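Structural overview for review
The lines below spell out each chain.
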Amino acid sequence: MATAILDLEISKLPPEITVEERYSKALILIRMHGKPLGQALLPVVGGHIGGDELREALMNAAGDNLWKNWLYDTLEWDERGAVEAMPIATVAVCTHDRPEDLRRCLDALMLLPDDGQEYLVIDNWPLTDATQELIKNYPKVRYVREDVVGESAARNRALREAKHEFVAFTDDDATPDPNWLRSLLRNFRDPRVMCVTGLVMPLELETEAQELFEGYCPYGQGFERRVFDGAYCNPLIVDPLGVSASMALRKSLIDCIGLFDEALGVGTPAKAGSDCEMFARILRSGYRMVYEPRALSWHRHRRTWEELRNLLKSYGIGVYAFWTRMFLVNREFSVAVLAWKWLRYKQIPELFASWRKQPGCIPSDLLLAQMRGCVSGPMAYFSSRKRLQEVKGEVN
């Protein structure tokens, strides 16, 4: 059975929650005065969750974060520093022939407070004119076509086209919260902060594939704001940094560390890894990144089993393509140790657990697809670089 997604303010809980009877569970985002504090997975019986049970479960799930934020609110203290004038940003959505997802994303963006931001849709190598036609319904949005295939090429085009110093990226299958953009931008007071990422929650958990994905590799990285300093962090450990589905960058990073590597990312033979490589380069250059859970967005996970299997294979390819790039270009020889540890301490134990049918294990066909992707990753990176050189040669 499916899982209902609920968004609740803990200071204004209703006496009872009612959902459709087809839901057996509810994943609840817990907020306090609008700020995400935690999440709870609760059973649903006959379409109902009782109020007393709900309040106790949510308070337990929020834990110390609830009382810490209550204290911050009482003292009127903000860990991000004093409020200053909100900078103006460019909001960019990179897309490829997914007009229905894009429509939902743009509808959400139109609900953001108007701080003067501009909106770009980068239509990457479109096969139809559906996206261009859709954009005509959104007068605030500027349409840009990019014919070099790949999300990195699309993001680089957005950085070049942006009129403002700060560029916020969201995916076409994401739905940003109304406070998403302001929450990202509040973290750029420190001039060493080059990138800010946000909390990403599932938009829906209607299928087994979506529930497995959220359980195995969720995009959200918790409900604590964290600062990652390149002077102290291992730049190759990028999982805690968040994801590019909710991300803001300084446009000046072009001059500081360069653009996204167009041999990586969705749409290339490397399949993924462009955000990992950019995050690693930011930290290697001594800059800072911030993970900000107030910058909330909702992501529609892949709905079918085949889509999930292909996605996990793509992630395997992307991680090893990223590591190959770091090994060859950046001389980060410790990637070999990381690859061994991932295989020895995560992938092999998970595979054995699946074969033994242990409770909560990931199905073996998904794990094997990911492992096949890992094996393909290095050659995929070389193939992607070769193709990019050919494309650039044709353009020139």
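Here is what the cut-offs are and how they apply
- Residues numbered from 1 in each chain as written.
- Predicted model: local features only at pLDDT ≥ 70, side-chain atom pairs only at ≥ 80, totals over all residues.
- Heavy atoms only, no water.
- Phe/Tyr/Trp six-rings, centres within 6.5 Å; stacked < 30°, edge-to-face > 60°.
- Buried < 20%, exposed > 50% of the residue type's maximum accessible area, 1.4 Å probe, protein only.
- Helix = DSSP H or I, 4+ residues; strand = E, 2+ residues; numbered from the N terminus.
- Core = buried A, V, L, I, M, F, W, Y, C linked by side-chain atoms within 4.5 Å.
- Contact = heavy atoms within 4.5 Å.
- Polar contact = N/O pair within 3.5 Å; in protein donor to acceptor, adjacent residues only side chain to side chain.
- 1 Å grid on protein atoms, 1.4 Å probe; cavity = no way out; pocket = protein on both sides within 12 Å on 5 of 7 lines; lining within 4 Å.
- Points joined across faces, edges and corners; volume = space filled by probe spheres on them.
- Nonpolar A, V, L, I, M, F, W, Y, C, P; charged D, E, K, R; others polar.

**Remarks on the packing of aromatic side chains**
- All told, the structure shown has 11 aromatic pairs when counted by the stated rule.
- Summarising the aromatic geometry, the rings of Phe 213 and Tyr 219 are spaced 5.2 Å apart at their centres and angled 75 degrees between planes, so their arrangement reads as edge-to-face.
- Phe 213 sits in the buried class, given a relative accessible area of 3%.
- Exposure remark for Tyr 219: the relative accessible area of 12% places this residue in the buried category.
- Ring geometry for Trp 323 versus Trp 342: centroids 5.9 Å apart, planes at 85 degrees, classification edge-to-face. Here Trp 342 lies in helix H11 (residues 335–355) and Trp 323 lies in helix H10 (residues 305–328), a separation of 19 residues in the sequence.
- Trp 323 sits in the buried class, given a relative accessible area of 10%.

**What to know about the nonpolar core**
- Membership of the largest hydrophobic core comes to 47 residues, with the highest contact counts inside it found for Phe 169, Met 201, Leu 249, Ile 282, Met 289, Phe 322 and Trp 323.
- With six residues, the single largest contributor to this core is helix H9 (residues 274–284).
- Among all residues touching Phe 169, those that are not within four sequence positions of it are Ala 92, Cys 94, Arg 155, Ala 158, Leu 159, Trp 180, Ser 244, Ala 245, Ser 246, Met 247 and Leu 249.
- Core analysis: the next-biggest nonpolar cluster, separate from the first, contains 26 residues, Leu 106, Leu 134, Leu 181 and Leu 184 among them.

**Some thoughts on the side chain of Thr 3**
- Mapping Thr 3 onto the fold places it in strand S1 (residues 2–9).
- A distance of 2.3 Å separates a polar atom in the side chain of Thr 3 from a polar atom in the side chain of Glu 211.
- With residues up to four places along the chain from it excluded, the contact list for Thr 3 reads Tyr 23, Lys 25, Ala 26, Leu 27, Leu 41, Leu 205 and Glu 211.

**Concerning the layout of surface pockets**
- Put simply, the second largest pocket is a space of about 200 Å³.
- Every residue lining the second largest pocket is counted, 14 residues in all, and those nearest its centre are His 33, Lys 35, Asn 69, Asp 73 and Arg 294.
- Listed by contribution, the elements that provide at least two residues to the lining of the second largest pocket are strand S4 (35–43) and helix H2 (64–75).
- Looking at side-chain class alone, the lining of the second largest pocket contains five nonpolar, four polar and five charged residues.

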